Amino acid sequence: MAKKTTNDKATQKLQALVHKTDLEKPAQKDIAALRQALQQDQALWRRASDLNHMAHRQLTARFPPAIREALYLRLEAMQQDLGYAEASAIEQLLIEQVATCWLNLQVTQLVYAVATADLTNTASANHWERRLISAQRRYLKAIETLTQVRRRLRPNAVQLNIGTQQLNVVGEVSLRKRRTRSAR
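Thresholds applied
- Residues numbered from 1 in each chain as written.
- Predicted model: local features only at pLDDT ≥ 70, side-chain atom pairs only at ≥ 80, totals over all residues.
- Heavy atoms only, no water.
- Patch = residues over 30% accessible without salt bridge, like charges linked within 9 Å, V, L, I, M, F, W, Y side chains within 5 Å.
- Areas by Shrake-Rupley, 256 points an atom, 1.4 Å probe, with all protein chains shown as cover.
- Salt bridge = Lys/Arg side-chain N within 4 Å of Asp/Glu carboxyl O.
- Helix = DSSP H or I, 4+ residues; strand = E, 2+ residues; numbered from the N terminus.
- Buried < 20%, exposed > 50% of the residue type's maximum accessible area, 1.4 Å probe, protein only.
- 1 Å grid on protein atoms, 1.4 Å probe; cavity = no way out; pocket = protein on both sides within 12 Å on 5 of 7 lines; lining within 4 Å.
- Points joined across faces, edges and corners; volume = space filled by probe spheres on them.
- Nonpolar A, V, L, I, M, F, W, Y, C, P; charged D, E, K, R; others polar.

*Asks:* Is there a simple way to think about a nonpolar patch on the surface in this case?
*Replies:* On the surface, Ile90, Leu93 and Leu153 cluster together into a nonpolar patch covering about 280 Å² of accessible area. Along the polypeptide, Ile90 turns up in helix α6 (residues 89-117). In this structure Ile90 comes out as partly exposed when scored by relative accessible area, which is 43%.

Structure follows, in structure tokens:
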């Protein structure tokens, strides 16, 4: 219980500092105290500065909680499928961007479908079609950038697809022909 009280006190202290610095002209000593508090807890400043997560919340704000949670799970699965845990820092940033662009594309696609269902409002449909095309471009560009960075980080990597099986090899790959007995 004492640990929870300590965490509660730290949280209350941090909230007070945030309140003091959330002014047009906050005192420099309050900003310095807030910076020191954030530096002491890396997990806290990482969560507080996760703008991708904020974008995800904003994009899904109008969905019911069940759909929101399903989308968050989908985003986590997508990042895992793209190898987030094993990726370099730059790849992690790009994987996050791919996931955010995917979510934006899905939401825009849904709004476009609703807008085009009303055949009398062509201005709205045209607007959302332009937004959809832009979202598609961003998503494809994020995927392309991630792919290019991975190629540069792993120049000797080879991907072999045979049917539904995929084999990724990193390192020296030799495709030399072996001599047969008759060639000796």
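Once the structure has been displayed, the description carries forward.
*Asks:* Please clarify how the layout of surface pockets should be interpreted in this entry.
*Replies:* Where empty space is left in the structure can be found by rolling a water-sized probe over the atoms. Looking at the second largest pocket, its volume works out to about 320 Å³. Taken together, 13 residues line the second largest pocket, and the ones lying closest to its centre are Ala10, Thr11, Leu14, Ala37 and Leu44. Mapped onto the lining of the second largest pocket, the elements with two or more residues apiece are α1 (2-21), α2 (28-40) and α3 (42-48). No other element matches α1, which puts 6 residues into the lining of the second largest pocket. Of the residues assigned to the lining of the second largest pocket, the class counts are 6 nonpolar, 4 polar and 3 charged.

*Asks:* Any chance you could explain the pattern of salt bridges here in plain terms?
*Replies:* Pairing between side chains of opposite charge can happen when their charged atoms approach one another. All told, the structure shown has 3 salt bridges when counted by the stated rule. For Glu91, the salt bridge is made with Arg154, and the minimal N-O distance between the two is 2.8 Å. Here Glu91 is found in helix α6, whereas its partner Arg154 is found in the loop between α7 (122-153) and β1 (158-162), with 63 residues between them in sequence. Each of Glu91, Arg150 and Arg154 takes part in a single network of salt bridges with overlapping partners.

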